[in-house]
Amino acid sequence: MEKTYNVDSFNLDHTKVTAPFVRLAAKKKGRNGDVVTKFDIRFTQPNKEFMPTGAIHTIEHLVAEYIRDEIKGVIDFSPMGCRTGFYFTIWGDHDEAYIAEHMVNVLKKVAVWDKPIPATTEKECGNYKDHDLEGAKALAARWVEGIEKTGWNCYK
């Protein structure tokens with residue numbers, strides 16, 4: 001019998017998905033009818049390639065700031081410990097195609113970013129020296145290219 005975990009991503013067969021992708025990771029409905037939806041925004045192929053921490057950190061700063069201009073109700077955009085992607089949590093009942101469309105818009109901006117990275121002072125950030133704008137731009141461009149070429153679905 002296959003083991004089932006309490007954490008959705010632990011139940012995902014990481015050998016059967018193809019990055020980049022957007023995957024519905026969880027949807028929770030509250031007592032008052034409010035819905036919170038969590039997505040797996042995967043940048044690299046699990047167990048094959050990993051994002052460097054500086055690039056992850058820079059993507060997190062840029063996307064966390066600018067996704068709020070694209071989508072209302074953002075709760076969080078945070079990196080995965082495995083360094084292959086991010087979790088995106090939002091109020092409301094949304095699907096993968098909607099999230100992918102808006103992530104493409106934001107990551108296109110990241111791919112050509114030519115301004116200072118926001119919140120990179122010692123006062124504003126807990127690891128302000130660990131950023132890599134060029135790495136973030138390259139990963140963002142590659143993610144957009146992959147999504148536009150093959151779509152957001154992880155089971156290709």
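Structural notes, computed from the coordinates. Values in this document were obtained by computation on a predicted structure and should not be read as measured data. (Residues numbered from 1 in each chain as written. Predicted model: local features only at pLDDT ≥ 70, side-chain atom pairs only at ≥ 80, totals over all residues. Heavy atoms only, no water.)

One can find T37 in strand β2 (residues 35-42). Judged by its relative accessible area of 0%, T37 is buried. There is a polar contact of 2.4 Å between the side chain of T37 and the backbone oxygen of G92. The residues contacting T37, other than those within four sequence positions of it, are L24, A26, K27, F88, T89, I90, G92, D93 and H94. (Helix = DSSP H or I, 4+ residues; strand = E, 2+ residues; numbered from the N terminus. Buried < 20%, exposed > 50% of the residue type's maximum accessible area, 1.4 Å probe, protein only. Polar contact = N/O pair within 3.5 Å; in protein donor to acceptor, adjacent residues only side chain to side chain. Contact = heavy atoms within 4.5 Å.)

Take the nonpolar core next. Ranked by internal contacts, the top residues of the largest apolar core, which has 31 residues, are I41, F43, V63, F88, M103, L107 and W143. Counting residues per element, the ones that place at least two in this core are β2, α2 (53-70), β3 (74-79), β4 (85-91), α3 (96-111) and α4 (133-150). If you tally residues by element for this core, the top one is α3, at seven residues. Other than its neighbours up to four places away in sequence, W143 contacts P20, F21, V22, I41, R42, F43, A100, M103, V104 and L107. Within the second largest apolar cluster, five residues are counted, among which are L12, V17, A19 and C154. (Core = buried A, V, L, I, M, F, W, Y, C linked by side-chain atoms within 4.5 Å.)

Moving on, we come to α4. Its 18 residues give α4 an end-to-end C-alpha distance of 26 Å, which sits within 8% of 26 Å, the value for a rise of 1.5 Å per residue. Every buried residue belonging to α4 is among G135, A136, K137, L139, A140, W143, V144, G146 and I147, and all of these are buried. Residues of α4 that are buried in the fold lie against β1 (21-29), β2, α2 and α3. One side-chain oxygen at the N-terminal end of α4 lies 3.4 Å from the backbone nitrogen of E134; it belongs to D132. (Expected span 1.5 Å × (residues − 1).)

Residues in a regular strand point their side chains to alternate faces of the sheet. Burial within β2 is extensive, with six of its eight residues counted as buried. Here β1 folds back onto β2 in antiparallel fashion, the turn holding five residues, of which G33 has a positive phi close to 90°. Note: β2 against β4, seven bridges, orientation antiparallel. Its bridge partner being in β4, I41 is matched across the sheet by F86. (Pairing = 2+ DSSP bridges.)

Take the packing of α2 against α4 next. Contact geometry of α2 with α4 gives a least axis separation of 8 Å together with a crossing angle of 75°. With respect to α4, the element α2 is oriented roughly perpendicular. Contacts from A55, T58, I59 and L62 in α2 reach L133, G135, A136 and L139 in α4. Grouping the amino acids of the contact of α2 with α4 by side-chain chemistry returns six nonpolar, two polar and no charged. (Axes fitted to C-alpha atoms, helices over the stretch in contact; angles between N-to-C directions. Parallel < 35°, antiparallel > 145°, perpendicular 65-115°, else oblique. Nonpolar A, V, L, I, M, F, W, Y, C, P; charged D, E, K, R; others polar.)

Right, let's talk about the sheet that holds β3 for a bit. Judged by pairing direction, the sheet is antiparallel, and its four strands sit side by side in the order β1-β2-β4-β3 without closing on themselves. Each edge of the sheet is formed by a strand with only one pairing partner; in this case those strands are β1 and β3. Across the sheet, the mean angle from the axis of one strand to that of its neighbour is 15°, orientation sign disregarded. In this sheet, β4 lies alongside β3 in antiparallel orientation, the contact comprising five bridges. Bridge pairing in β4 places V74 opposite I90.

Before going further, it helps to spend a moment on the packing of α3 against α4. Packing of α3 against α4 brings their axes to within 8 Å, and their N-to-C directions diverge by 145°. For the crossing formed where α3 meets α4, the hand is left-handed. Residue-level inspection shows A100, M103, V104, L107, K108, V110 and A111 of α3 in contact with α4, the latter providing A136, K137, A140, A141, W143, V144, I147 and E148. Its residues placed into classes, the contact of α3 with α4 shows 12 nonpolar, no polar and three charged. (Left-handed = near helix turned anticlockwise from the far one by under 90°.)

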